[in-house]
Number of protein chains: 2
Amino acid sequence: MTPTTALASSRGEEAGTRAALAWSAAAVDGGVLSEVELAAWLADRRRAQPQRVERVPFAELDGWRFEQGTGDLRHASGGFFAVHGLRVRSDFGPVPAWEQPVIDQPEIGILGIAVRDFDGVPHLLMQAKSEPGNVNGMQLSPTVQATKSNYLRVHGGSAVKYLECFRRPEPGSVVADVLQSEQGSWFLGKRNRNMIVRVGPEVEADDDFAWLTLNQVNMLLRQDNVVNMDARTVLSCLPDWRAEVTGPAASLHTDTEIRSWITRRRAEHEVSVTPIGLDETKDWHRDPYTVSHVSGRHFSVVAVDVVSGRREVAAWSQPLLEPHGTGLAALFVRRLNGVPHVLLRARAEAGFLSVVELGPTVQCTAGNYADLPPDAWPPYLDEVRARREAAVYDVLLSEEGGRFLNAQSHYVIIEVDDDIPLVSDEFRWVSLRQVDELLRYSHHLNVQARTLIAGLRSL
Amino acid sequence: MTPTTALASSRGEEAGTRAALAWSAAAVDGGVLSEVELAAWLADRRRAQPQRVERVPFAELDGWRFEQGTGDLRHASGGFFAVHGLRVRSDFGPVPAWEQPVIDQPEIGILGIAVRDFDGVPHLLMQAKSEPGNVNGMQLSPTVQATKSNYLRVHGGSAVKYLECFRRPEPGSVVADVLQSEQGSWFLGKRNRNMIVRVGPEVEADDDFAWLTLNQVNMLLRQDNVVNMDARTVLSCLPDWRAEVTGPAASLHTDTEIRSWITRRRAEHEVSVTPIGLDETKDWHRDPYTVSHVSGRHFSVVAVDVVSGRREVAAWSQPLLEPHGTGLAALFVRRLNGVPHVLLRARAEAGFLSVVELGPTVQCTAGNYADLPPDAWPPYLDEVRARREAAVYDVLLSEEGGRFLNAQSHYVIIEVDDDIPLVSDEFRWVSLRQVDELLRYSHHLNVQARTLIAGLRSL
């Protein structure tokens, strides 16, 4: 290597990427599939991926068992993931201490989208993929969505297609590559590598894959339960292509102030998280089919048997986490001196590696608050309800169907133009340019906020 | 609050801060203390802080005990810190698996330097502070250096001076505020909040404190054992003020490539770290005075009795970790097309929260490699030894004296102008502008690399 030959100019390269993405977002009837062809492809793929998911008792799970002594739910191979207990003390939110089951999956997987130019317009290689937990079987997923065990083929199964585009990308081809967390209330320290990589014409769309413009992906993001969680989080890591974001306009707070706020929230919270055995997890009980909370709230751990024509393995059984009730993730957007800002909340979720990440304005499942007095309800929930009819985005979306069963949330974006008083240091108006910057570094926006950012950019 | 009234321009504000720091770095004989007065103040403070440190058997520690069952060394209050065992499996470095004692201190403390203008020149409020582990008693520390228990006065003691400057800074006064890790081989997941805050004329220097220009601090950074570790890490988080760094020049790799490299190193390493009891830590033995490795290498845990006239508490006893042998942390610096770059190594240290951080070109304690074959020695160690006479920085510095006893390392910076072949994906040339950017976000450069960056800027 002669390092001096290839000195790189980050800003120039990046401006080019943003311009190309803007072009793709504006493209109508992309070069590869017309609107009609895309709809036909989606319908066809849904038919072509028959999947049967049946609830079974834990005793019928193949290879999974409740470990002697702890009661933890583990796979005999030691792989995949485990469900154990967690003892939490936290000064975030209305409940100071509780215990709960949690999914422990320490591996870092890859979620990657390949991007290829057709007639100069970038297209994203999206995958039609069934997951057992999806309400509708097939959803649109990234080019690659694989745990490390998956892609190293620890458990057998076929090779992960397109993996090498992400494990060995061409020099200069990486658009984004960042570790991001997943649901901090359900996963312990889970994170995946979110990647976007440009590829050349040698990469072609296999069965179950299609090249879509950003315009087409954005159109699908505005529909219920089409674009899956893994695709949404990767999309949020694209550099923001919209001129109103990249222009030289001022944010309400300086970047240093926003970073300092995040640091302070992380340093000052008192959160302690101790892994415990699933059997000793207080207020949770196991019967042959479920591990559930005595109140009937929160979620259950259940077991399913799956038969699928289109996965690495054709038939298997596994545990899933089934939330009770539909979630709500709502974001207020406001222009300040013409610059779009979003109202984010610094949330301490038990499973976060970094104590605190920024979440939506409101993130909750209403049913979980039924026992608590109104003043314990999330701030701004009333305002979200009062203004919901005017929402610019209101879409029902699923969380990752490989781990969660029928886990749906309403994702809602509401434009506001009046002063919304901040109720505490947990909230800040952050400009979309600042969000774009924070998304280049790990663990700043939680997965619900990332979905809302992808949704906002789709408008 | 009316948010629209105070829209902030990050770039403008920041350029002003960098210009002011450049002014302070160029100032000769600062407005407050002349060179002669500074030397006299340091000598005077050293005399005024008598400290007696005596090794004692663990049995004589006040409040500390080896816990029944685990053998972990803990304080009766549950506070301060604990020493327990760690079982490590790691594909970084030559040893695939080992066990070791580790310091567990989950609290996030504050390390903060207050900056005040005198005649338009920023001065840093530095503290003369004795620590039991320092080879020379007193060293120069930040304005505030306090654990959370310290500053919340959980264990009694006097109030932490200047704390409110950092806990409640004036709007717009924060220059840097970021969580950074400490030694990943000795601490489990330790991190502190590194802060720099501008203050007004109402803040005056108390006994044991002095206002120094950046020029004076830099002069002291080039001397053996004057500026302590806590001060060095905070100084490294200052925005780089040197025109050669802030100018619009190109780096060898784009920022995206550097971030992608860090993400890949984090995702691909196989590191597993399991807390275990100190008693079951293989190859480590306890006698009345030490917990040591059977080989005599690495470090020992010891106990000391301290009497000091100048601390929150006048007399106490505590455990310390005593490394065996002097460490080496060396950094290669090279200009590529006129732009300074440093050769960093992506290191997986057992105690890192983020699996991998960037360390110096070479970081080791030679004695720990005595049993291993030469090809297991750190890459570039030979080159560092061969070129050391030409080092532009070669200073003996101590690690944090509140936790480590006589923990000294040679910090060495060597300018190179020939092609140094990269031996693996663990190494990259990173420009100083990119280092400056990475230091705004947590957990990118380890504490040894941060010391070397502070040293490099002092030249």
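Our structure is the block above this text.
Figured I'd write up the structure that's included with this text. (Residues numbered from 1 in each chain as written. Chains lettered and ligands numbered in written order. Predicted model: local features only at pLDDT ≥ 70, side-chain atom pairs only at ≥ 80, totals over all residues. Heavy atoms only, no water.)

Topic: the overall build of chain A
Inference 1: Helix and strand content of chain A: eleven helices and 25 strands.
Inference 2: Taken against the 2.2 N^0.38 rule, which gives 23 Å for 459 residues, the C-alpha radius of gyration of chain A at 22 Å falls within 12% of a compact globule.
Inference 3: Taking the principal axes of its C-alpha atoms as reference, chain A extends roughly 60 × 55 × 50 Å.
Inference 4: Within chain A, the fraction of its 459 residues that count as buried is 61%.
Inference 5: For chain A, the proportion of contacts with a sequence separation of at least 24, taken over those separated by at least 6, is 72%.
Inference 6: Working note: accessible area of chain A is about 17,400 Å², and carbon and sulfur atoms make up 50% of it.
Inference 7: Chain A carries 47 positive and 60 negative side-chain charges, and their two centres are separated by 2 Å. (Helix = DSSP H or I, 4+ residues; strand = E, 2+ residues; numbered from the N terminus. Rg over C-alpha atoms; globule rule 2.2 N^0.38 Å. Buried < 20%, exposed > 50% of the residue type's maximum accessible area, 1.4 Å probe, protein only. Contact = heavy atoms within 4.5 Å. Areas by Shrake-Rupley, 256 points an atom, 1.4 Å probe, with all protein chains shown as cover. Lys, Arg positive; Asp, Glu negative; His and termini not counted. Charge placed at Lys NZ, Arg CZ, Asp CG, Glu CD.)

Looking at helix α5 (residues 214-221) of chain A
Inference 1: Counting buried residues along α5 of chain A, six of its eight residues qualify, which places the element largely inside the surrounding structure.
Inference 2: Looking only at α5 of chain A, the buried set comprises Leu 214, Gln 216, Val 217, Asn 218, Leu 220 and Leu 221 of chain A.

Considering empty space enclosed by the protein
Inference 1: Enumeration over the complete set of coordinates arrives at 13 cavities of 30 Å³ or more.
Inference 2: Taken as a whole, the largest cavity encloses approximately 180 Å³ of empty space.
Inference 3: In terms of lining, the largest cavity is formed by 16 residues, of which the most central are Ser 442 and His 443 of chain A together with Ser 354, Ser 442 and His 443 of chain B.
Inference 4: Of the residues contributing to the lining of the largest cavity, the split by class is four nonpolar, eight polar and four charged. (1 Å grid on protein atoms, 1.4 Å probe; cavity = no way out; pocket = protein on both sides within 12 Å on 5 of 7 lines; lining within 4 Å. Points joined across faces, edges and corners; volume = space filled by probe spheres on them. Nonpolar A, V, L, I, M, F, W, Y, C, P; charged D, E, K, R; others polar.)

Comments concerning the packing of helix α6 (residues 229-236) of chain A against helix α11 (residues 447-457) of chain A
All names here are of chain A.
Inference 1: Direction vectors running N to C along α6 and α11 enclose 70 degrees, while the axes themselves pass 8 Å from each other. Between α6 and α11, the angle falls in the class roughly perpendicular. Contacts from Met 229, Arg 232, Thr 233, Leu 235 and Ser 236 of α6 reach α11 at Val 447, Arg 450, Thr 451, Ala 454 and Arg 457.
Inference 2: When grouped by side-chain class, the residues that make up the contact of α6 with α11 number four nonpolar, three polar and three charged. (Axes fitted to C-alpha atoms, helices over the stretch in contact; angles between N-to-C directions. Parallel < 35°, antiparallel > 145°, perpendicular 65-115°, else oblique.)

A word on helix α2 (residues 35-48) of chain A
Inference 1: Taking 1.5 Å of rise per residue, 14 residues should cover 20 Å, and α2 of chain A covers 20 Å from first to last C-alpha, within 8% of that figure.
Inference 2: The inward-facing, buried residues of α2 of chain A abut β7 (121-130), β8 (138-141), β13 (209-213) and α5 of chain A. (Expected span 1.5 Å × (residues − 1).)

Side note on the side chain of Ser 292 of chain B
Residues and elements named next belong to chain B.
Inference 1: Positionally, Ser 292 belongs in strand β15 (residues 290-293).
Inference 2: Classification of Ser 292 as buried rests on a relative accessible area of 17%.
Inference 3: Separated by 3.1 Å, the side chains of Ser 292 and Thr 290 make a polar contact.
Inference 4: Within the local environment of Ser 292, its side chain forms a polar contact with the side chain of Ser 300, the two groups lying 3.0 Å apart.
Inference 5: Setting aside residues no more than four positions away along its own chain, Ser 292 makes contact with Asp 283, Trp 284, His 285, Phe 299 and Ser 300. (Polar contact = N/O pair within 3.5 Å; in protein donor to acceptor, adjacent residues only side chain to side chain.)

As for the packing of α2 of chain A against α5 of chain A
All names here are of chain A.
Inference 1: Direction vectors running N to C along α2 and α5 enclose 55 degrees, while the axes themselves pass 12 Å from each other. When the axis of α2 is compared with that of α5, the two are oblique. The hand of the α2/α5 crossing is right-handed. On the side of α2, the interface is formed by Glu 35, Leu 38 and Leu 42, while α5 contributes Gln 216, Met 219 and Leu 220.
Inference 2: Classifying every residue of the contact of α2 with α5 gives four nonpolar, one polar and one charged. (Left-handed = near helix turned anticlockwise from the far one by under 90°.)

Brief notes about the nonpolar core
Inference 1: In this structure, Leu 212, Leu 235 and Val 435 of chain A together with Leu 212, Leu 235 and Val 435 of chain B are the most contacted members of the largest nonpolar core, which totals 127 residues.
Inference 2: When neighbours within four sequence positions are excluded, Leu 212 of chain B is seen to be in contact with Leu 33, Leu 38, His 123, Leu 124, Met 126, Leu 140, Val 217 and Leu 220 of chain B. (Core = buried A, V, L, I, M, F, W, Y, C linked by side-chain atoms within 4.5 Å.)

Observations concerning the interface of chain A and chain B
Inference 1: If you look at the interface, chain A gives 52 residues, while chain B gives 54 residues.
Inference 2: We note a salt bridge from Lys 148 of chain B to Glu 270 of chain A, for which the minimum N-O separation is 3.3 Å.
Inference 3: Linking chain A with chain B are 15 residue pairs in polar contact (both at pLDDT 80 or more), by the criterion used here.
Inference 4: For the side of chain A that touches chain B, the secondary-structure elements that each account for two or more residues are α1 (10-26), β10 (174-181), β12 (191-198), α8 (255-268), β19 (327-336) and α10 (432-438) of chain A.
Inference 5: When residues of the side of chain A that touches chain B are assigned to their parent elements, the largest contribution, ten residues, is made by α8 of chain A.
Inference 6: Grouping the amino acids of the side of chain A that touches chain B by side-chain chemistry returns 19 nonpolar, 14 polar and 19 charged. (Salt bridge = Lys/Arg side-chain N within 4 Å of Asp/Glu carboxyl O.)

A word on the pairing of strand β17 (residues 315-323) of chain B
Residue and element names in this part refer to chain B.
Inference 1: With eight of nine residues buried, β17 lies mostly within the body of the structure.
Inference 2: Looking at chain direction, strand β16 (residues 299-308) and β17 are connected through nine bridges and run antiparallel. In the sheet register, Val 302 faces β17, and the bridge partner there is Leu 320. (Pairing = 2+ DSSP bridges.)

Some thoughts on unusual backbone geometry
Inference 1: Located in the positive-phi region is Asp 208 of chain A, a residue other than glycine, with phi close to 70 degrees.
Inference 2: Structurally, Asp 208 of chain A is set in the loop between β12 and β13.

What to know about the environment of Ala 210 of chain B
Inference 1: The topology assignment puts Ala 210 of chain B in strand β12 (residues 209-213).
Inference 2: It is 5.5 Å that separates the C-alpha atoms of Ala 210 of chain B and Leu 125 of chain B, two residues lying 85 residues apart in sequence.

Considering the pattern of salt bridges
Residues and elements named next belong to chain A.
Inference 1: Counted by the stated rule, this structure contains 74 salt bridges over all chains.
Inference 2: As a salt-bridge pair, Arg 457 and Asp 240 come within 3.3 Å of each other at their nearest N and O atoms. Placement of the pair is Arg 457 in helix α11 and Asp 240 in the loop between α6 and α7 (243-246), with a sequence separation of 217 residues.
Inference 3: Judged by its relative accessible area of 3%, Arg 457 falls in the buried class.
Inference 4: When its relative accessible area of 1% is taken as the criterion, Asp 240 is described as buried.

Observations concerning the relation of the copies chain A and chain B
Inference 1: Relative to chain B, chain A is turned by 180 degrees and slid 0.0 Å along the rotation axis, the superposed coordinates differing by an RMSD of 0.0 Å. Those values place the two copies in the arrangement expected of a two-fold rotation axis.
Inference 2: A share of 100% of interface residues in chain A that are also interface residues in chain B marks the association as one of identical surfaces. (Least-squares fit on C-alpha atoms with pLDDT ≥ 70 in both.)

Description of the packing of aromatic side chains
Inference 1: In total, this model carries 23 aromatic pairs over all chains according to the counting rule given.
Inference 2: Judged by centre distance (3.7 Å) and plane angle (10 degrees), the ring pair of Tyr 441 of chain A and Tyr 441 of chain B falls under stacked. Linking Tyr 441 of chain A in the loop between α10 and α11 with Tyr 441 of chain B in the loop between α10 (432-438) and α11 (447-457), this pair reaches from one chain into another. When sorted by exposure, Tyr 441 of chain A lands in the same class as Tyr 441 of chain B, which is buried.
Inference 3: Members of the aromatic cluster, each reached through a chain of ring pairs, are Trp 64, Phe 80 and Phe 81 of chain A.
Inference 4: Directly above the ring of Phe 187 of chain A sits Lys 190 of chain A, whose terminal nitrogen or CZ lies 4.2 Å from the centroid. (Phe/Tyr/Trp six-rings, centres within 6.5 Å; stacked < 30°, edge-to-face > 60°. Lys NZ or Arg CZ within 6 Å of the ring centre and 35° of its normal.)

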